[in-house]
Amino acid sequence: MDQINKLKAITTAYQIATLTYPAYEVLELLDPIPLERSLELLLILRQSRSTIRSPVNFLKRAIKEGWSAEVMPERIGRY
């Protein structure tokens, strides 16, 4: 898949997941990642139970911590 088609696919998947157009930072973050993993990250974003205020930070953390769609992250109680 060429680079332009990959970015179109990521853009479309992001729009499906969030109903908004992705910021440049999101595309820049997901561009070097394989398409299959990018789609999995967007699925995780879509499945999130809470409102995501910063999709970029959410995706960065998901990449860093190796989140998968099968095992959703749990909210940590902070006292």
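1. Things to note about the environment of Val-56
One can find Val-56 in helix 4 (residues 55-65). As for Val-56 and Val-26, which are separated by 30 residues in sequence, their C-alpha atoms are 5.7 Å apart.

2. Regarding the layout of surface pockets
Considering only enclosed or pocket space, the second largest pocket measures out at about 190 Å³ in volume. Lining the second largest pocket are Ile-16, Ala-17, Thr-18, Leu-19, Leu-45, Arg-46, Ser-48, Ser-50, Thr-51, Ile-52 and Pro-55. The set of elements that each furnish at least two residues to the lining of the second largest pocket consists of helix 1 (3-18) and helix 3 (35-47). By residue class, the composition of the lining of the second largest pocket is 6 nonpolar, 4 polar and 1 charged.

3. Re helix 4
Listing the buried residues of helix 4 in full gives Val-56, Phe-58, Leu-59 and Ala-62. Burial along helix 4 is one-sided: seen end-on, the buried residues are contained in an arc of 165 degrees. Those residues of helix 4 that are buried are in contact with helix 2 (24-30) and helix 3. One or two positions beyond helix 4, positive phi appears at Gly-66, with a value near 65 degrees.

4. Quick notes on helix 1
Spanning 16 residues, helix 1 covers 22 Å between terminal C-alpha atoms, matching the ideal 22 Å at 1.5 Å per step. Listed in full, the buried residues belonging to helix 1 are Lys-6, Ile-10, Thr-11, Ala-13, Tyr-14 and Ala-17. Where helix 1 is buried, its residues meet helix 2, helix 3 and helix 4. After helix 1 finishes, the residue Leu-19 shows a positive phi value of roughly 60 degrees.

5. Some details on the packing of helix 3 against helix 4
What describes two packed helices is the angle between their axes and the distance between those same axes. One can describe the packing of helix 3 onto helix 4 by two numbers: an axis separation of 10 Å at closest approach and a directional angle of 120 degrees. By the angle class used here, helix 3 and helix 4 are oblique. Along this stretch, helix 3 crosses helix 4, giving a crossing that reads as right-handed. Contact residues: Arg-37, Leu-41, Ile-44 and Leu-45 in helix 3; Pro-55, Phe-58, Leu-59, Ala-62 and Ile-63 in helix 4. Along the lines of polarity and charge, the residues of the contact of helix 3 with helix 4 split into 8 nonpolar, no polar and 1 charged.

Quick notes on the rules
Residues numbered from 1 in each chain as written. Predicted model: local features only at pLDDT ≥ 70, side-chain atom pairs only at ≥ 80, totals over all residues. Heavy atoms only, no water. Helix = DSSP H or I, 4+ residues; strand = E, 2+ residues; numbered from the N terminus. 1 Å grid on protein atoms, 1.4 Å probe; cavity = no way out; pocket = protein on both sides within 12 Å on 5 of 7 lines; lining within 4 Å. Points joined across faces, edges and corners; volume = space filled by probe spheres on them. Nonpolar A, V, L, I, M, F, W, Y, C, P; charged D, E, K, R; others polar. Buried < 20%, exposed > 50% of the residue type's maximum accessible area, 1.4 Å probe, protein only. Arc of directions from axis to C-beta. Contact = heavy atoms within 4.5 Å. Expected span 1.5 Å × (residues − 1). Axes fitted to C-alpha atoms, helices over the stretch in contact; angles between N-to-C directions. Parallel < 35°, antiparallel > 145°, perpendicular 65-115°, else oblique. Left-handed = near helix turned anticlockwise from the far one by under 90°.

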